Amino acid sequence: MWGAAPGWEANGERRWPTVRIIAPPAILAAAALLSACKPPPEPRYEPESALRQRGLAAIEHAGCGACHDIPGIDWPRGRLGPSLRGFTDIGLIAGAVPNTADNLAAFVRNAPAVKPGSTMPPIPLSEEEARAIAAYLHGLNSDA
Amino acid sequence: MLEELFGTGGVLEPIWGWPPPVLDPAGPYAERVTTLAWVLFGMGVIVTAIIVAALYVALKGPMEWRQKLGGERAVWIGGIAFPAVVLTALLIWGLTLTASLSSSITGTEPRIRVTGEMWWFRVQYLDPDGEVVIEDANELHLPVGQPVVLELRSADVIHSFWVPHLSGKKDMIPGRTLLLRVEASEAGRYGGVCAEYCGGPHALMGFVTVAHHPDEYRQWYASRIARSAPPTAPLPAPQPVETPLPGLAPQRELALASDAAQGRQLFMESGCGACHRVAGTEANGLAGPDLTHVGSRLTLGAGILPNHRGTLVGWIGDSQSIKPGNRMPSYDRLSAGQLNAIAAWLEQQR
């Protein structure tokens, strides 16, 4: 809570550093203002952000990063499967089925059932987790 | 408030979580160390408060107090008598409290040999004669309420064994065997790490400790012994593949079952057995983790990934992206179908 204060005078004369204390309420007010700023709206898709948060947590928990490079997952960034950056802009999931939320949720749980012969194995996820992951992946535009 | 900040999903959870494992004991040894840490921390706070107060008096206090503070008596009391008494008391109390940590090992405790390797943990359960009866890796199973002695060794460089919930760190030094007594007082899963920099992917060298209730532990032990029997014993009958998900078509189940048989063949043909052992098969390599029970492990890659079909495929096909520098090459010359088949067979090794 120390405000930045000029410690040494500019005219060259040395003085003891002075420290101003900014009233904590002012800082709290500033923090409140900052946190009230919303991120800019997504261009195409705006699923609720709590769902997307759960999606990211489910991705982390299931270890999807073992094969995929996924924005928001720093490690691991597997390269066995395709990168999922900019996933919203992809037309067909795995080049086979339209990239809708329902198809994607079904695909991440049981890819071979959605696309016979898929190279991605079934992943142990609940339907709820799969929906959240789909919401997260659909929130990734090409800027992500 | 604390829960909001540090708890599950809290703001600071990514940093560590609350309570951090070092302050959340789950066994008698860790308990004592934690008590000692809190008391020392508390004493530190008290002494700091006294010093700050004295400083304030010295700068701003009434003249009479300042004179007392600068007098010879204050030096004798505050500078010599107080620290001597407090530090001696703390030392005696601390040594008494932690005496049991170094109490001698009776030799009757169950023994588990844990060997640090670059960059995973070899785990071997010993019988009373010191013979290895179960081979495992990166997972340590303990009965609740019973002290267990760990024989800590290293196969290459210095590692350090650390389960913060259960005990302090102990180094694993090449050419030496160090003993560590651990005990869990609550059933649960506790993460462990290598706590001594050992090169390359040291940060990705972990393991899981699972504390079972004694009955559950006996069951677990019996099932492992049955499976770990020498290769001459008949193989357990092949089990039908568990359907990983509800709603999977029956045709697909059949396909998975044949995948597993194909996976076994691929595993042998690809030379996996040169580094990995699977009891009851011709795979008998000792350089890498024993895979006899890999299907029932909680993690892959030494405590770093959840264990399921997807991560198995990812690990076998491209372990170098996941854990750069680890000693298993990426098998990216295998097709996805072949990787799936191998993973299907490994999932059955329980």
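To be clear, the structure that these remarks concern was listed above.
Residues numbered from 1 in each chain as written. Chains lettered and ligands numbered in written order. Predicted model: local features only at pLDDT ≥ 70, side-chain atom pairs only at ≥ 80, totals over all residues. Heavy atoms only, no water.

**Digging into the sheet that holds strand E4 (residues 139–143) of chain B**
Residue and element names in this part refer to chain B.
Now for step 1: The five strands are arranged E4-E10-E9-E6-E7 in an open sheet whose pairing can be described as mixed. For this open sheet the edge positions go to E4 and strand E7 (170–172), each flanked by a neighbour on one side alone. Ignoring strand direction, the axes of neighbouring strands in this sheet form an average angle of 25 degrees.
Now for step 2: Bridge analysis of E4 against strand E10 (residues 206–212) gives five bridges, and the strand direction is parallel. Each residue of the ladder has a partner; that of Glu139, found in E10, is Val208. (Pairing = 2+ DSSP bridges. Helix = DSSP H or I, 4+ residues; strand = E, 2+ residues; numbered from the N terminus. Axes fitted to C-alpha atoms, helices over the stretch in contact; angles between N-to-C directions.)

**So, the sheet that holds strand E5 (residues 148–154) of chain B**
All names here are of chain B.
Now for step 1: Spatial strand order, E3-E2-E1-E5-E8: five strands in an open sheet with mixed pairing. Strands with a single pairing partner mark the edges of an open sheet, and in this sheet they are strand E3 (132–137) and strand E8 (178–182). For this sheet, the mean inter-axis angle between neighbouring strands, taken without regard to orientation, is 25 degrees.
Now for step 2: Here strand E2 (residues 120–126) pairs with E3 via five bridges, running antiparallel. The residue of E3 that forms the bridge with Arg122 is Ala137.
Now for step 3: Contacting E2 and E3, helix H5 (residues 214–228) crosses the sheet at an angle of about 100 degrees to E3. (Contact = heavy atoms within 4.5 Å.)

**What to know about the nonpolar core**
Now for step 1: In terms of nonpolar packing, the biggest core is built from 30 residues, with B:Ile112, B:Val114, B:Phe121, B:Tyr125, B:Leu140, B:Leu150 and B:Phe161 touching the most fellow members.
Now for step 2: Listed in part, the 26 residues of the second largest apolar core include B:Val294, B:Leu334, B:Ile342 and B:Ala343. (Core = buried A, V, L, I, M, F, W, Y, C linked by side-chain atoms within 4.5 Å. Buried < 20%, exposed > 50% of the residue type's maximum accessible area, 1.4 Å probe, protein only.)

**Regarding the packing of aromatic side chains**
All names here are of chain B.
Now for step 1: What the rule picks out here adds up to nine aromatic pairs over all chains.
Now for step 2: Cluster of aromatic residues (ring-pair linked, three or more members): Tyr125, Tyr217, Trp220 and Tyr221.
Now for step 3: Lying across the ring of Trp162, Lys169 places its NZ or CZ 4.5 Å from the centre. (Phe/Tyr/Trp six-rings, centres within 6.5 Å; stacked < 30°, edge-to-face > 60°. Lys NZ or Arg CZ within 6 Å of the ring centre and 35° of its normal.)

**Section: the pattern of salt bridges**
Residues and elements named next belong to chain A.
Now for step 1: The full count for this structure, using the stated rule, is 17 salt bridges over all chains.
Now for step 2: Across the salt bridge formed by Arg109 and Glu127, the nearest N and O atoms sit 3.8 Å from each other. You can see Arg109 sitting in helix H3 (residues 101–109) and its partner Glu127 sitting in helix H5 (residues 127–138), a full 18 residues away along the chain.
Now for step 3: A relative accessible area of 16% means that Arg109 is categorised as buried.
Now for step 4: The exposure class assigned to Glu127 is exposed, which follows from its relative accessible area of 52%.
Now for step 5: Between Arg131 and Glu128 there is a salt bridge, and its shortest N-O distance comes to 3.7 Å. (Salt bridge = Lys/Arg side-chain N within 4 Å of Asp/Glu carboxyl O.)

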